[in-house]
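Structural overview for review
Letter by letter, the chains look like this.
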Amino acid sequence: MGFFDLFRKKQDASADKEQAPGRQEELDAGLEKTKTGLFSKLARAVAGRSTIDASVLDDLEEVLISSDVGVETTVKIIRRIEERVARDKYMNASELQSILREEVSALMEEAHGSSEHFGLDATEGEPYVVMVVGVNGAGKTTTIGKLAAQLTKAGRKVWIGAADTFRAAAIDQLQVWADRAGATMIRQQMGSDPASVAFDTLTSAKANGADVVLIDTAGRLHNKVNLMNELTKIRNVMSKVIPGAPHEVMLVLDGSTGQNAFEQARQFTQATQVTSLAITKLDGTAKGGVVIGISDQFHIPVRYIGIGEGIDQLRIFDRHEFVHALFGDAKN
């Protein structure tokens, strides 16, 4: 049983479009600030130029870096365009948008590969367990709540474990979301052992025939060794209750933080085995380029993006729709 199977039998892009004709338009609107920022900079870079030469590429490099695509990914994109220019001898500067779209699309295809669902499959008849990690303020609790709501709407029994026991506010906020979503939440007192909460959650979920378990975790990064030890302990305890758990470790990143999101990804991928990403708050920022850079640099699939406050605005990530939202209908 793959994770997407928990959503009305794999909620792929074509099915989504049939159910919600305005899906692409909503995504376009959500990424409008990023698109506007990118193309206003791009327009200035090619103004008055007739060919794609070294000067244009230098300006394009600056555009991409300032759009939070990241230095490593930007260098890779520029190198690919340089190779195309050398091969084709002459390329009009007005074609740059289309060329950039093609290279970004190819890069994201390589980063995501052919993965269709979350990393491991759960044993039939046992809950699918997702451990959610990320710094405080990244939108972790909200993401868990929205995901739980979508799953319960799809007819799935969802258990939530409040294993971020260091903040009373986090537990209370998660309870509000669990109640709204119609999910069952397992909690203990503030300061309790997070691994104990995870143990109780999985035990209850298994006994009650739950389909999915979402485990919240603390987001402190001031001591990476303590964080690593804590996450490892939670993982070990869960695997004793349900062999193979957690089946997924989802890192939630705040897209509006730009380059800080890269650093968070580095820290958490060193602390634990992250297998998927959810990138939030893309609707209020011009820093949506982080999705491109993080996909490329970490080769961890982006599974969800947040483009608004609504429950349905936590979206299953579709790289084709994302590239379309940024670059429009330029030919692939």
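As the structure is a computational prediction, the values presented were derived from the model and not from experiment.

The description of two packed helices rests on the angle between their axes and on the distance between the axes. At their nearest, the axes of helix α3 (residues 32-46) and helix α6 (residues 96-112) sit 11 Å apart, and the two run at 130° to each other. Between α3 and α6, the interaxial angle falls into the category oblique. From α3, Phe-39, Leu-42 and Val-46 reach across to α6, where they touch Leu-96, Gln-97 and Leu-100. Looking at the contact of α3 with α6 residue by residue, the classes come out as five nonpolar, one polar and no charged.

As a further point, take the side chain of Ser-192. Residue position: Ser-192 is located in the loop between β3 (184-186) and α9 (194-207). Reaching out from Ser-192, the side chain makes a polar contact with the backbone oxygen of Gln-189 at a distance of 2.6 Å.

Counting residues in hydrophobic clusters, the biggest one holds 102 residues, and the most contacted among them are Leu-60, Leu-100, Ile-160, Leu-202, Met-238 and Val-291. Filtering out sequence-adjacent residues up to four positions away, Met-238 remains in contact with Val-129, Met-131, Ala-198, Leu-202, Ile-215, Ala-245 and Pro-246.

Time to look at the packing of α6 against helix α13 (residues 319-327). For the pair α6 and α13, interaxial distance at closest approach is 10 Å and the crossing angle is 160°. With respect to their mutual orientation, α6 and α13 come out roughly antiparallel. Seen from above, α6 lies across α13 with right-handed handedness. Side by side, α6 and α13 meet where Gln-97, Leu-100, Arg-101, Val-104, Ser-105, Met-108, Glu-109 and His-112 of the first sit next to Arg-319, His-320, Phe-322, Val-323, His-324 and Phe-327 of the second. Residues of the contact of α6 with α13, tallied by class, amount to six nonpolar, five polar and three charged.

A few words now on the pattern of salt bridges. Under the definition given, this model contains 18 salt bridges. A salt bridge links Arg-84 to Glu-102, with the shortest nitrogen-to-oxygen separation between them at 2.7 Å. You can see Arg-84 sitting in helix α5 (residues 71-88) and its partner Glu-102 sitting in helix α6, a full 18 residues away along the chain. Residue classification places Arg-84 among the buried positions, given a relative accessible area of 14%. Between Arg-187 and Asp-172 there is a salt bridge, with the nearest N and O atoms lying 3.1 Å from each other. Here Arg-187, found in the loop between β3 and α9, pairs with Asp-172, found in helix α8 (residues 168-181); they are 15 residues apart in sequence, far enough to count as distant. Each of Arg-80, Arg-84, Glu-102, Glu-103 and Glu-110 takes part in a single network of salt bridges with overlapping partners.

Time to look at the packing of aromatic side chains. Scanning all chains against the criterion turns up two aromatic pairs. When the ring of Phe-39 is compared with that of Phe-327, the centres are 5.6 Å apart and the planes differ by 85°; the resulting orientation is edge-to-face. Highlighted residues: Phe-39 in helix α3 and Phe-327 in helix α13, separated in sequence by 288 residues.

Quick look at a negative patch on the surface now. Negative charge collects at one region of the surface, where Asp-53, Asp-58, Glu-82 and Glu-83 lie side by side. Position of Glu-83 among the secondary structure elements: in helix α5.

The next subject is the pairing of strand β2 (residues 158-162). In terms of burial, β2 is largely enclosed, as five of its five residues are buried. A two-sided burial pattern is seen for β2, the buried positions comprising Val-158, Ile-160 and Ala-162 on one face and Trp-159 and Gly-161 on the other. Pairing geometry for β2 and strand β4 (residues 212-216), over five bridges, is parallel. For Ile-160, the partnering residue across the bridge sits in β4 and is Leu-214. Sheet analysis places β2 next to β3, joined by three bridges and oriented parallel. Note on β3: the bridge partner recorded for Ile-160 is Met-185. With α8 bridging β2 and the parallel β3, this β-α-β connection has right-handed handedness.

In the predicted model, the chain carries a mean pLDDT of 85, and 88% of its residues have values of at least 70. Of all the helices and strands in the chain, helix α1 (residues 13-19) carries the lowest mean pLDDT, 44, while β3 carries the highest, 98. Ignoring residues within four places in sequence, the model shows residues 8-20, a span with pLDDT below 50, making 16 contacts including any to other chains. Low pLDDT, under 50, characterises residues 114-120; the stretch is placed with 22 contacts to residues that sit more than four places away or in other chains.

A word on the sheet that holds β4. One open sheet accounts for eight strands, arranged β3-β2-β4-β1-β5-β6-β7-β8; its pairing is mixed. Strands at the two margins of the open sheet, each flanked by one partner only, are β3 and β8 (314-316). The average angle at which neighbouring strand axes cross in this sheet is 25°, direction not considered. When strand β7 (residues 302-306) meets β8, the two strands line up antiparallel, connected through three bridges.

Criteria and cut-off values
- Residues numbered from 1 in each chain as written.
- Predicted model: local features only at pLDDT ≥ 70, side-chain atom pairs only at ≥ 80, totals over all residues.
- Heavy atoms only, no water.
- Axes fitted to C-alpha atoms, helices over the stretch in contact; angles between N-to-C directions.
- Helix = DSSP H or I, 4+ residues; strand = E, 2+ residues; numbered from the N terminus.
- Parallel < 35°, antiparallel > 145°, perpendicular 65-115°, else oblique.
- Contact = heavy atoms within 4.5 Å.
- Nonpolar A, V, L, I, M, F, W, Y, C, P; charged D, E, K, R; others polar.
- Polar contact = N/O pair within 3.5 Å; in protein donor to acceptor, adjacent residues only side chain to side chain.
- Core = buried A, V, L, I, M, F, W, Y, C linked by side-chain atoms within 4.5 Å.
- Buried < 20%, exposed > 50% of the residue type's maximum accessible area, 1.4 Å probe, protein only.
- Left-handed = near helix turned anticlockwise from the far one by under 90°.
- Salt bridge = Lys/Arg side-chain N within 4 Å of Asp/Glu carboxyl O.
- Phe/Tyr/Trp six-rings, centres within 6.5 Å; stacked < 30°, edge-to-face > 60°.
- Patch = residues over 30% accessible without salt bridge, like charges linked within 9 Å, V, L, I, M, F, W, Y side chains within 5 Å.
- Areas by Shrake-Rupley, 256 points an atom, 1.4 Å probe, with all protein chains shown as cover.
- Lys, Arg positive; Asp, Glu negative; His and termini not counted.
- Charge placed at Lys NZ, Arg CZ, Asp CG, Glu CD.
- Pairing = 2+ DSSP bridges.
- Right-handed = clockwise from strand over helix to strand, strands pointing away.
- pLDDT = per-residue confidence, 0-100.

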